[in-house]
Amino acid sequence: MSRLPLPLLALTMLTASLLWSQPPTPSPATSFDAVAATNAYLATVPADKKAHSDAYFEGGYWLILWDFLYGAAIAVLLLTTRLSSRMRSASERLTRFQPLRTFAYWVQYLLITSVITFPLTVYEGFIREHQYGLATQTFAPWLGDQLKSLGVGLLLGGITVTALFGIVRRLPRTWHIWGAVTGLVLTALFAVIFPVSIAPLFNQYTKLTDPTVRDPILSLARANGIPATEVYEVDASRQTTRISANVSGFLGTERITLNDNLLKRSTLPEIMSVMGHEMGHYVLNHVYKGLLFTLIVLVVFFAGLRHALKWSLARWGARWEIRGVSDTAVLPLAILIISVFSFLYTPIGNTITRTMEYEADMYGLNTVRQPDAFATIALKLGEYRKLSPVPIEEMLLFDHPSGRTRIFSAMRWKAEHLSARIP
Ligand SMILES: [Zn+2]
């Protein structure tokens, strides 16, 4: 366990240096000053609005910490009160079939932890979102969405946990390797089914029919070698005021989706700027690169998990009435260990994602060629993301480039193209 942080730290520094290797120097050959233009865009945001979105985003930093500590406390509670061992025994009385016992344990575990975390869930997902004017739902439909999420968690989490415990039991010496491989296969499988089976549970997805928006998007897709014949619209305004778009799916279920807030509140060049970014994700194979990163992370996490479980079970296993790594009562301990790893991994994960987002920004700028629309859409995204963080803050805590970085990228692109050195 003590060996883990070092390679992770090295990876952070490597990815961070990749992102920060572009020096912010404006072109000397033109009178257009990219830094001044960036500052001018940022200055259009009223001070109270900026303070509002800064406070929302900075509060999110603390939530990362509180979520981690709250989750850790629950795990310790389940272990030290031996509630976990009692849930295991209850699942054994229910059936003799081991996979069903694991599934039965999972159902109890998820229901109990969901109840204990409910106050925090309500604060984070409902109260706080309303305080900052980002939520559109009343409590009942919000709760309905939470219950649907719980159902999805019971099923998909149950499948995952049952598969992993099956591997631990059958392959006691190599489970950490096969566990990582299984984790990857399940991640890919969930990515395939997500846009067609899970996302429609929460929102309505419709094909975009307005030709004045759809046709330029499909034309841009063809120009970039993307075999898309449809663009999807989602009624995100059911839950939120945020503007957003995404690429989801994998192995034939890939799709580009715009949300209705984006469509309602943006000009065509702004919409095209967002689409150029999303197409960048597709053309640059970010789904495949993401899966490759996932595999690396899973291998490291599972190796660390194996060592940490062995160490902690030798100390406390008997006291917590856990029979070994294949005993489902070990689950809170395994989740606690993984949550420690994930907490430490936060800056690395953010940097990997943010680096790909930056690549997609560059791709979008080059294909759409609308730097000013790109800048104004970055300002709109700044309603829920801090616009101008200090560099170390952006490096550790941002999973997308900040508004300042994005606007500067666009203004630098504009300056270099205005200089007429790029034909
Ligand atoms: Zn993106």
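Each chain carries its own residue numbering, running from 1 in the direction its sequence is written. Local features in a predicted model are, by the rule used here, given only for residues with pLDDT of at least 70; side-chain atom pairs are given and counted only at 80 or more, and totals for whole chains, interfaces and linings are based on all residues. Working from all heavy atoms in the structure, the side-chain values ignore hydrogens and water.

A. Local environment of the overall build of the protein. Each helix is a run of DSSP H or I of at least 4 residues and each strand a run of E of at least 2, with the numbering of both proceeding from the N terminus. In terms of helices and strands, the protein carries 15 helices and four strands. A compact globule built from 423 residues should have a C-alpha radius of gyration of about 22 Å, and the protein, at 24 Å, falls within 12% of that. A principal-axis box enclosing the C-alpha atoms of the protein has dimensions of 75 × 45 × 45 Å. Here the term buried applies to any residue with accessible area under 20% of the maximum for its type, exposed to any over 50%, and partly exposed to those in between, with areas from a 1.4 Å probe on protein chains only. Residues counted as buried form 46% of the 423 residues belonging to the protein. Counting contacts in the protein only where the partners sit at least 6 residues apart, residues at least 24 apart contribute 79% of the total. For every accessible area listed, the method is Shrake-Rupley and the probe measures 1.4 Å; residues are considered covered only by the protein chains on display. With an accessible surface of roughly 20,700 Å², the protein has 67% of that area assigned to carbon and sulfur atoms. Both definitions apply: the radius of gyration is a C-alpha atom measure, and the globule rule equals 2.2 Å times residues to the power 0.38. By definition in these notes, contact holds between two residues if any of their heavy atoms fall within 4.5 Å.

B. Local environment of the environment of His 130. Looking at the secondary structure, you find His 130 in helix α5 (residues 98–131). Sequence separation of His 130 and Thr 240 is 110 residues, and the distance between their C-alpha atoms is 9.5 Å. Sequence-distant contacts of His 130, defined by excluding residues within four places in its chain, comprise Ala 135 and Gln 137.

C. Spatial organisation of a nonpolar patch on the surface. A contiguous nonpolar patch, built from Leu 171, Ile 177, Trp 178, Val 181 and Val 185 and spanning about 420 Å² of accessible area, is present on the exposed surface. Along the chain, Trp 178 falls in helix α7 (residues 175–202). Residues form patches when they are more than 30% accessible in relative terms and have no salt bridge. Like charges link within 9 Å. Nonpolar side chains (Val, Leu, Ile, Met, Phe, Trp, Tyr) link within 5 Å. Here, a salt bridge means any Lys or Arg side-chain nitrogen found within 4 Å of an Asp or Glu carboxyl oxygen.

D. Highlighting empty space enclosed by the protein. Computed over the protein atoms alone on a 1 Å grid, cavities are sets of points where a 1.4 Å probe fits but cannot get out and pockets are open sets with protein on both sides within 12 Å along at least five of seven lines; a residue lines them when it has an atom within 4 Å of a point. Grid points are joined across faces, edges and corners, and a volume is the space filled by probe spheres set on the points. This model, assessed by the stated rule, comprises one cavity of 30 Å³ or more. The computed volume of the largest cavity comes to approximately 40 Å³. Taken together, Ala 378, Leu 381, Gly 382, Arg 385, Pro 401, Ser 402, Gly 403 and Arg 406 make up the full set of residues lining the largest cavity. Of all elements in the fold, only α13 (371–381) and α15 (403–418) reach the threshold of two or more residues within the lining of the largest cavity. Residues belonging to the lining of the largest cavity are distributed by class as follows: three nonpolar, three polar and two charged. Basically, the charged four are Asp, Glu, Lys and Arg, the nonpolar ten are Ala, Val, Leu, Ile, Met, Phe, Trp, Tyr, Cys and Pro, and anything else, Gly included, counts as polar.

E. Structural detail: the coordination of the zinc ion. Donor atoms from the polypeptide that bind the zinc ion are His 277 (NE2), His 281 (NE2) and Glu 357 (OE), placed at 2.0 to 2.1 Å. Ordering the donors of the zinc ion by residue number gives the pattern H-x3-H-x75-E. Of this pair, His 277 sits in helix α10 (residues 268–283) while Glu 357 is found in helix α12 (residues 331–368), placing the two residues 80 residues apart along the sequence. In this structure, His 277 and Glu 357 share a single accessibility class: buried. Sites may look incomplete, because water is not among the atoms used; the donor set itself consists of N, O and S atoms within 2.8 Å of the metal (3.2 Å for Na, K and Ca).

F. Up close: the layout of surface pockets. Size it by volume and the second largest pocket reaches roughly 1,400 Å³. Of all the elements in the fold, those that place two or more residues in the lining of the second largest pocket are α3 (47–80), α5, α6 (139–170), α7, α11 (286–316) and α12. Class assignment for the residues of the lining of the second largest pocket results in 34 nonpolar, 13 polar and two charged.

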